[in-house]
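Take a look at the letters that make up each chain.
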Amino acid sequence: MAESVRSGGRSRRRSGEKSLDEREPLDLRPRGPQHAEITALAREAVDETGAEEPREPPIRLGAQTTLGERRRRTLGLAFHVLCAGAAMVGVLSLVVLLGQVLHDGLGQIDRDFLTSFASRIPERAGIKAALVGSLWMLALTAVIAFPLSVGAAIYLEEYAPKSWITTTIQTNIANLAGVPSIVYGILGLALFVRAMGLGRSLLSGALTLSLLILPVIILASQEAIRAVPDSIRQAAYGLGATRWQAVRLQVLPMALPGILTGTILALSRAVGETAPLIMIGALSFVAFTPQGPLDQFTVLPLQIFNWVSRPQEEFRQLAAGAILVLLAMLLAMNGVAIFLRNRYQRRH
Amino acid sequence: MKERAIGWALFACAGLSTLVTAGIVCILLRETLGFFSEVSIVEYLTGTEWTPQFGEKHFGVLPLAAGSLLIATGAAIVAVPIGLLTAIYMSEYARHRTRSVLKPTLELLAGVPTVVYGYFALTFITPLIRQFFPETDIFNAASAAVVVGIMIIPTVSSLSEDALRAVPQALREGAFGLGATKLEVSLRVVVPAALSGIVASFILAISRAVGETMAVSIAAGNLAQLTANPLKSIQTMTAYVVQVSLGDTPQGTIVYQTLFAVAFTLFLITLAMNILSQWVMRRFREVYE
């Protein structure tokens, strides 16, 4: 498998490039149903070596190009510019968005802003309760969602027999990932707040958000576990390991960076989530920091929503300040995820 | 013994997701049935007025559904062409280095919290639109649709790019060999070959737009009216749920039940679109070799 992938990667290179060996690339092209998958892998391999993509060959039709030829080339160039322009729209939107938030919010951030509670008087308002609430929420959600999702991923990859039950679970997870977050809010409201009597507490919120990001972490973890080569498992079994020993001592440690990256990215989604928490009735005006998981709370996105909804300009600026803090938090989490990926990425 | 216990525990973790789905469906269904015991399903689906919180109550979901449709259409107009062209650029044109910067940057767009998009729509897009159309409402569908469109660009571009890149290189080389230009190769060979994945990405992105909540409830307003004018204030299904949740609605009242009826409608629509997207992907996939 590894060999065929590598040769697949080689065949991607252009014949114009000097190849170290004289093998005919086309003969080594992998065949069979897994072709698309291998092609994708091979592409990744080429990307990593930094090899050039095939370039458009120059059109040579006799000595002079015809009028139609020129038109085709102009059209081609126009399309190239169009595509590049479209790609820039996304980037530009991000830049403008960040610029706007920085412009409005940077002046808001000082020590008082971080250490004061929300207030009806804009000059005195701060985000202390929301910031502490978000950190609580992050920790609780991580503690709840991580073991459950990794457990599910291990089951699906390492234990599950090929049966309709497994297929059902897998399809179900894919579909859950597409359910709008507000629907999870309804579930949280009816199940945790009302039926289980947890009230409008941090715990209700964390449980709701955990269910929301469960499918995301499961899918990422499955991918990480699948990337661990089978030879590792076979070697462990060969030495007399039980299935759980092989998973716990060999597979999990190797898959952990991938699992953690996926988890952090999913958690950063939970930290930015607003709608489900409005559903479970988290308070927007909280002038205390929560002391335990059963306390009422607010989080940064809720505080932002609360401020944005007010017509006064001062509150909009407060919202921009809070957005900056939230974005900084998300950026830090993404940074950790990227660091983990780069630091522990190993090729098997 | 311990081995078996661990196996069962892991199975329980995986089974939990099925319970979540069952829980969602049960809870939504129970309250929705309660709602339909008081309001006829015909009135709900065909009524053109939605005023559950007023004295004279009307329960026609059409204004909310039209609001969601307006946002989804506007978002698609923004995201489909930009997302697809971006995907073609990343897959066919961009150098390796350009792509390695572009892709994570676009993924950042997907990572920005939706409440931030709401702020952006209200403080940047709406004033911009009002410069050209001064009669625009402060809360309007257009600004929300634009930011939702920006928000779903990465969904389209990322999934479409995966589909484009999965097209075998031999197809491109064959077309180049026949003298085709890059434009012709891209649009006449690669895009048709990847069409199932591209269409699936469109459907998935639009389903996200329908389920989008915060940006819409901040920027598009809370006025449930049946209009096709994007410069007017509207209310989507999601925004209605948020609006009711912000107030204190006692359990068991008809307004409380409308939450579940609307959420159930939303759930069914997005679920149908997600399943459709998966079906398109499987059914129309071009398989090579």
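Definitions and limits used
- Sequence order sets the numbering: in each chain, residues are counted from 1 along the sequence as written.
- Each chain gets a letter, beginning with A, and each ligand a number, beginning with 1, in the order they are written.
- At least 70 in pLDDT is required for a residue's local features to be given in this predicted model, at least 80 for side-chain atom pairs to be given and counted, and no such filter applies to totals for whole chains, interfaces and linings, which use all residues.
- Excluding hydrogens and water, the side-chain figures rest on all heavy atoms present in the structure.
- Only DSSP runs of H or I covering at least 4 residues are called helices, and only runs of E covering at least 2 are called strands; the numbering of each starts at the N terminus.
- Summary of the burial criterion: residues with accessible area below 20% of their type's maximum are buried, those above 50% are exposed, and those between are partly exposed, where the area comes from a 1.4 Å probe applied to protein chains only.
- When checking whether two residues touch, look at their non-hydrogen atoms; a contact exists if any pair is within 4.5 Å.
- Only C-alpha atoms enter the line fits that serve as axes; for helices the fit covers just the stretch in contact. Angles between N-to-C directions range over 0 to 180 degrees.
- Working rule for handedness: look at the near helix, and if it is turned counterclockwise from the far one by less than a right angle, call the crossing left-handed; if clockwise, right-handed.
- Amino acid classes used here: Ala, Val, Leu, Ile, Met, Phe, Trp, Tyr, Cys and Pro are nonpolar; Asp, Glu, Lys and Arg are charged; the rest, including Gly, are polar.
- Pairing of aromatic side chains here covers Phe, Tyr and the six-membered ring of Trp, requires ring centres within 6.5 Å, and sorts the geometry by plane angle: under 30 degrees stacked, over 60 edge-to-face, intermediate tilted.
- We call a charge positioned over a ring when the NZ of a Lys or the CZ of an Arg lies within 6 Å of the ring centre and within 35 degrees of the ring normal.
- The salt bridge criterion pairs a side-chain nitrogen of Lys or Arg with a carboxyl oxygen of Asp or Glu, the two atoms within 4 Å.
- What pLDDT conveys is the predictor's confidence in a given residue, as a value from 0 to 100.

**Focus: the side chain of B:Ser233**
Residues and elements named next belong to chain B.
Working step 1: Summarising the element assignment, Ser 233 is placed in the loop between helix H10 (214–219) and helix H11 (237–246).
Working step 2: Exposure remark for Ser 233: the relative accessible area of 9% places this residue in the buried category.
Working step 3: With residues up to four places along the chain from it excluded, the contact list for Ser 233 reads Asp 137, Phe 139, Asn 140, Ala 220, Gly 221, Asn 222, Leu 223 and Gln 225.

**Section: helix H8 (residues 182–193) of chain B**
Working step 1: B:Lys182, B:Leu183, B:Glu184, B:Val185, B:Ser186, B:Val190, B:Val191 and B:Ala193 are the residues of H8(B) that are buried.
Working step 2: Where H8(B) is buried, its residues contact helix H3 (67–105) of chain A together with helix H3 (62–93), helix H6 (141–165), helix H7 (169–177) and helix H9 (195–211) of chain B.

**Structural notes on the packing of H3(B) against H6(B)**
All names here are of chain B.
Working step 1: Close contact between H3 and H6 brings their axes to 6 Å; oriented N to C, the two are set at 35 degrees. Between H3 and H6 the crossing geometry is right-handed.
Working step 2: Partitioned by chemical class, the residues of the contact of H3 with H6 number 21 nonpolar, seven polar and three charged.

**Looking at the packing of aromatic side chains**
To describe a pair of aromatic rings, you give the distance between the ring centres and the angle between the ring planes.
Working step 1: On inspection of all chains with the given rule, the structure shows 13 aromatic pairs over all chains.
Working step 2: Measuring from centroid to centroid gives 5.2 Å for B:Phe36 and B:Tyr44, while their planes differ by 80 degrees, and the two rings are edge-to-face.
Working step 3: Residue B:Phe36 is classed as partly exposed on the basis of its relative accessible area of 24%.
Working step 4: The ring of A:Phe315 has A:Arg310 sitting right over it, with the charged end atom 4.5 Å from the ring centre.

**A short note on the pattern of salt bridges**
Pairing between side chains becomes possible if they bear opposite charge and their charged atoms approach one another.
Residue and element names in this part refer to chain B.
Working step 1: Under the criterion given, the structure shown has 11 salt bridges over all chains.
Working step 2: Glu 31 serves as the salt-bridge partner of Arg 30, at 3.4 Å between the closest nitrogen and oxygen.
Working step 3: Between Glu 161 and Arg 165 there is a salt bridge whose closest N-O contact spans 3.8 Å. In this pair, Glu 161 and Arg 165 are both assigned in helix H6, four residues apart and thus about one turn of the helix distant.
Working step 4: Connected through salt bridges with shared partners, the residues Arg 99, Lys 103, Glu 161 and Arg 165 form a single ionic network.

**As for the environment of B:Lys103**
Residues and elements named next belong to chain B.
Working step 1: Looking at the secondary structure, you find Lys 103 in helix H4 (residues 96–111).
Working step 2: With relative accessibility at 19%, the residue Lys 103 sits in the buried group.
Working step 3: Considering only alpha carbons, one finds Lys 103 and Ser 158, 55 residues apart in sequence, at a separation of 7.9 Å.
Working step 4: When residues no more than four places from it in sequence are discounted, the contact partners of Lys 103 are Met 90, Ser 158, Glu 161 and Asp 162.

**Regarding the confidence of the model for chain A**
Working step 1: Here chain A shows a mean pLDDT of 82. Residues at 70 or above account for 79%.
Working step 2: Taken as a whole, residues 1–33 of chain A scores under 50 in pLDDT and shows 32 contacts with residues more than four places along the chain or in a different chain.

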